[in-house]
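Spelled out, the chains give:
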Amino acid sequence: MAENIIHLVLARTSDAPEGVKGISVFLVPKFNVKPDGNLSDRNDVTCLSIEKKLGVKGSPTAVLQFGEKDGAIGYLVGEENNGLQIMFEMMNHARFAVGIQGLSISERAFQQAVHYANDRVQGIPIDSQKGDPIIHHPDVLRMLSVMKSEIEAMRAFSIYGGFTMDMANHLDNSDIYWQERSSLLVPIIKGWLTERSLEITSQAIQIHGGMGFIEETGIAQHFRDARILPIYEGTTAIQANDLVFRKTIRDQGKSVRLLLNEIQVEMDTLSTEENSIVSKSAKTMINALSTTENVINHFLSTSNDQKRSAVSGVNYLMMLGYVCGGWMMVISGSKASEEISNSKNPSNFMKAKLVSADIYITHLLPKINSLAETIIQGDESVLAMKPEWLSN
Ligand SMILES: Cc1cc2nc3c(=O)[nH]c(=O)nc-3n(C[C@H](O)[C@H](O)[C@H](O)COP(=O)(O)OP(=O)(O)OC[C@H]3O[C@@H](n4cnc5c(N)ncnc54)[C@H](O)[C@@H]3O)c2cc1C
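Residues numbered from 1 in each chain as written. Predicted model: local features only at pLDDT ≥ 70, side-chain atom pairs only at ≥ 80, totals over all residues. Heavy atoms only, no water.

## What to know about the nonpolar core
Here's step 1: If you look at the biggest cluster of nonpolar residues, it comprises 78 residues, and the most contacted ones within it are Leu144, Phe157, Trp192, Met267, Met285, Tyr316 and Tyr360.
Here's step 2: Counting only domains with at least three residues in this core, you end up with domain 2 (83–236) and domain 3 (277–385).
Here's step 3: Excluding residues that lie within four positions of it along the chain, Met267 makes contacts with Ala282, Met285, Ile286, Leu289, Trp327 and Val330.
Here's step 4: Of all hydrophobic cores here, the second largest spans 5 residues; its members include Val98, Leu198, Ala226 and Leu229. (Core = buried A, V, L, I, M, F, W, Y, C linked by side-chain atoms within 4.5 Å. Buried < 20%, exposed > 50% of the residue type's maximum accessible area, 1.4 Å probe, protein only. Domains from an automatic or database assignment. Contact = heavy atoms within 4.5 Å.)

## Quick look at the environment of Leu84
Here's step 1: With respect to the secondary-structure elements, Leu84 resides in helix H1 (residues 83–119).
Here's step 2: For Leu84, a relative accessible area of 25% corresponds to the partly exposed category.
Here's step 3: The sequence separation of Leu84 and Ile23 amounts to 61 residues, and the corresponding C-alpha distance is 6.2 Å. (Helix = DSSP H or I, 4+ residues; strand = E, 2+ residues; numbered from the N terminus.)

## A closer look at the pattern of salt bridges
Pairing is possible between side chains that carry opposite charge, provided their charged atoms lie close to one another.
Here's step 1: One pass over the structure, following the stated rule, counts 14 salt bridges.
Here's step 2: Of the charged contacts, one joins Glu262 and Arg181 as a salt bridge, the two residues approaching to 3.1 Å between their closest N and O atoms. Of this pair, Glu262 sits in helix H6 (residues 254–270) while Arg181 is found in helix H3 (residues 176–207), placing the two residues 81 residues apart along the sequence.
Here's step 3: Among the ionic contacts, a cluster of salt bridges with common partners joins Lys148, Glu152 and Lys353. (Salt bridge = Lys/Arg side-chain N within 4 Å of Asp/Glu carboxyl O.)

## With respect to the layout of surface pockets
Here's step 1: For the largest pocket, the calculated volume is near 750 Å³.
Here's step 2: Considering the residues around the largest pocket, the lining is formed by 23 residues, among which Phe88, Asn92, Gln179, Ser183 and Lys247 are closest to the centre.
Here's step 3: Listing elements by their share of the lining of the largest pocket, those giving two or more residues are H1, helix H2 (138–170), H3 and helix H5 (236–249).
Here's step 4: When its volume is computed, the second largest pocket comes out at roughly 610 Å³.
Here's step 5: If you trace the second largest pocket, you find 16 residues lining it, with Leu8, Thr61, Met90, Tyr232 and Glu233 closest to the centre.
Here's step 6: Looking at the lining of the second largest pocket, the elements that each hand over two or more residues are strand E1 (6–11) and H1.
Here's step 7: Take the lining of the second largest pocket: its biggest share by element is 5 residues, from H1.
Here's step 8: Two domains each donate at least three residues to the lining of the second largest pocket, and these are domain 1 (6–77) and domain 2 (83–236). (1 Å grid on protein atoms, 1.4 Å probe; cavity = no way out; pocket = protein on both sides within 12 Å on 5 of 7 lines; lining within 4 Å. Points joined across faces, edges and corners; volume = space filled by probe spheres on them.)

## Some details on the side chain of Thr201
Here's step 1: With respect to the helices and strands, the residue Thr201 is situated in helix H3.
Here's step 2: One polar contact links the side chain of Thr201 to the main-chain carbonyl oxygen of Ser197, over a distance of 2.7 Å.
Here's step 3: With near-sequence residues (within four places) excluded, Thr201 lies in contact with Ile105, Ala109, His222, Phe223 and Ala226. (Polar contact = N/O pair within 3.5 Å; in protein donor to acceptor, adjacent residues only side chain to side chain.)

## Structural notes on empty space enclosed by the protein
Here's step 1: Under the counting rule described, the total for this entry stands at 1 cavity of 30 Å³ or more.
Here's step 2: Those elements giving two or more residues to the lining of the largest cavity turn out to be H3 and H6.
Here's step 3: The element contributing the most residues to the lining of the largest cavity is H3, with 3 residues.
Here's step 4: Along the lines of polarity and charge, the residues of the lining of the largest cavity split into 2 nonpolar, 1 polar and 2 charged. (Nonpolar A, V, L, I, M, F, W, Y, C, P; charged D, E, K, R; others polar.)

## Structural notes on the site of the ligand
Here's step 1: Taken together, the residues surrounding the ligand are Lys53, Thr61, Ile228, Ile231, Tyr232, Glu233, Gly234, Thr235, Ala237, Ile238 and Asn241.
Here's step 2: Asn241 places a polar side-chain atom, nitrogen or oxygen, 3.1 Å from a nitrogen atom of the ligand.
Here's step 3: Coverage of the ligand by the protein chains reaches 34% of its 970 Å² of free accessible surface.
Here's step 4: In terms of residue class, the shell around the ligand is built from 5 nonpolar, 4 polar and 2 charged. (Near = heavy atom within 4 Å. Areas by Shrake-Rupley, 256 points an atom, 1.4 Å probe, with all protein chains shown as cover.)

## As for the packing of helix H9 (residues 313–342) against helix H11 (residues 367–383)
Helix-helix packing is described using two parameters, namely the angle between the two axes and the distance between the axes.
Here's step 1: Two numbers describe how H9 lies on H11: the axes approach to 9 Å, and their chain directions differ by 155 degrees. The angle between H9 and H11 places the two elements in the roughly antiparallel class. Judged by the twist between their axes, the crossing of H9 over H11 is left-handed. Side by side, H9 and H11 meet where Asn315, Tyr316, Met318, Met319, Tyr322 and Val323 of the first sit next to Lys367, Ile368, Leu371, Ala372, Thr374 and Ile375 of the second. (Axes fitted to C-alpha atoms, helices over the stretch in contact; angles between N-to-C directions. Parallel < 35°, antiparallel > 145°, perpendicular 65-115°, else oblique. Left-handed = near helix turned anticlockwise from the far one by under 90°.)

## As for the packing of aromatic side chains
Here's step 1: Using the criterion set out here, one finds 7 aromatic pairs in the structure.
Here's step 2: With 6.2 Å between their ring centres and 40 degrees between their planes, Tyr160 and Phe163 make a pair best called tilted. You can see Tyr160 and its partner Phe163 sitting in helix H2, 3 residues apart, about one turn around the helix.
Here's step 3: For Tyr160, a relative accessible area of 14% gives the class buried.
Here's step 4: With a centroid separation of 5.0 Å and an interplanar angle of 75 degrees, the aromatic rings of Tyr160 and Trp327 are classed as edge-to-face. Of this pair, Tyr160 sits in helix H2 while Trp327 sits in helix H9; the two residues are 167 residues apart in sequence, bridging distant segments of the chain. Both residues of the pair, Tyr160 and Trp327, count as buried.
Here's step 5: Through pairs of rings, three or more aromatic residues link up here, namely Tyr160, Phe163, Tyr177, Trp178 and Trp327. (Phe/Tyr/Trp six-rings, centres within 6.5 Å; stacked < 30°, edge-to-face > 60°.)

Listed below in structure tokens is the structure:
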């Protein structure tokens, strides 16, 4: 579909140092380019096959072969052996962008589920009329409301994450505060938003009942498409390793505690607000922060055993995701409650926002308690399992 295709390829020069220190980035065109910019002969790069995939079928994933005949021509990008550094720069943005894919697909699945639930009639919902659609069944309302609440938290958190990246990239480079903050948040945004998109797109299928399993409705595609998100640009475990080892243990918990302290200051203020939903939610968040602090202490006190840290990394990442989501939702709830009290005719948007904050704190934030217990009590139990016993 295009005149030429360029591939960004990680490769080594013949005398490169061993390991990741010897990786360079090359730009490899499908057609070689003459000095005047016109295309010349075909470069030695061929597409061997297009993969058959579970989802994202609109995006072809190819097996490429380089240099099988005469050797492919590649143009060095940046400095030789600096490929890893370049890749990390690109990956930070790409990881954030994949997190946004998790948010977007969740929102799309949610919208479709709301539409279906407003249309489908099945049974007579409690306290409703014959012919009322399934959205009036309390359990369907629960699924949709919890999805909405979590998506709002994910969206607000990703906007904050984007803001920290802008601050880190566009302020004076000496501003280490924003660099540390954005680099702390990227693995959480990537990991939490994409893992949760699996559950949210699955719930969207559930709301469709049997029709959710039938291709005609199109809802199953979101579930399939979402499945790649916690895998590419580094699996959730790779994000968790980054978060635990580089961003928590290496600085002895400094950046993560700085974040938690800032949340604490905001929650202390909001816990005295007049609106009971806001003050109650802020108090619940204060307890959540103390639970998170216990988990950080656990990581730091067991950091001499890397296996223990690694085995709990994904649970820690998810826990921080839920906590940051709670932070966003309490602030959103407080802004909504302010708008509601200042308005004679408050909008449904604001009323829903306040309820959504309450739903987040009561249905999603409690998950951190089980995650914390698993991290503190359950790390050694997994490590007691011998890999060879799994094959018996
Ligand atoms: C559709 C699609 C598109 C892709 N697009 C691109 C692309 O454009 N560019 C590109 O460079 N790559 C691309 N990839 C590759 C993708 O980034 C990798 O598949 C992904 O990062 C996982 O690596 P892997 O497949 O080697 O899995 P593995 O690393 O083999 O992982 C297997 C399992 O082991 C775990 N594991 C591995 N190492 C560790 C560790 N150190 N700690 C804990 N657990 C670990 C993983 O979490 C996973 O559960 C694409 C892949 C797919 C499927």
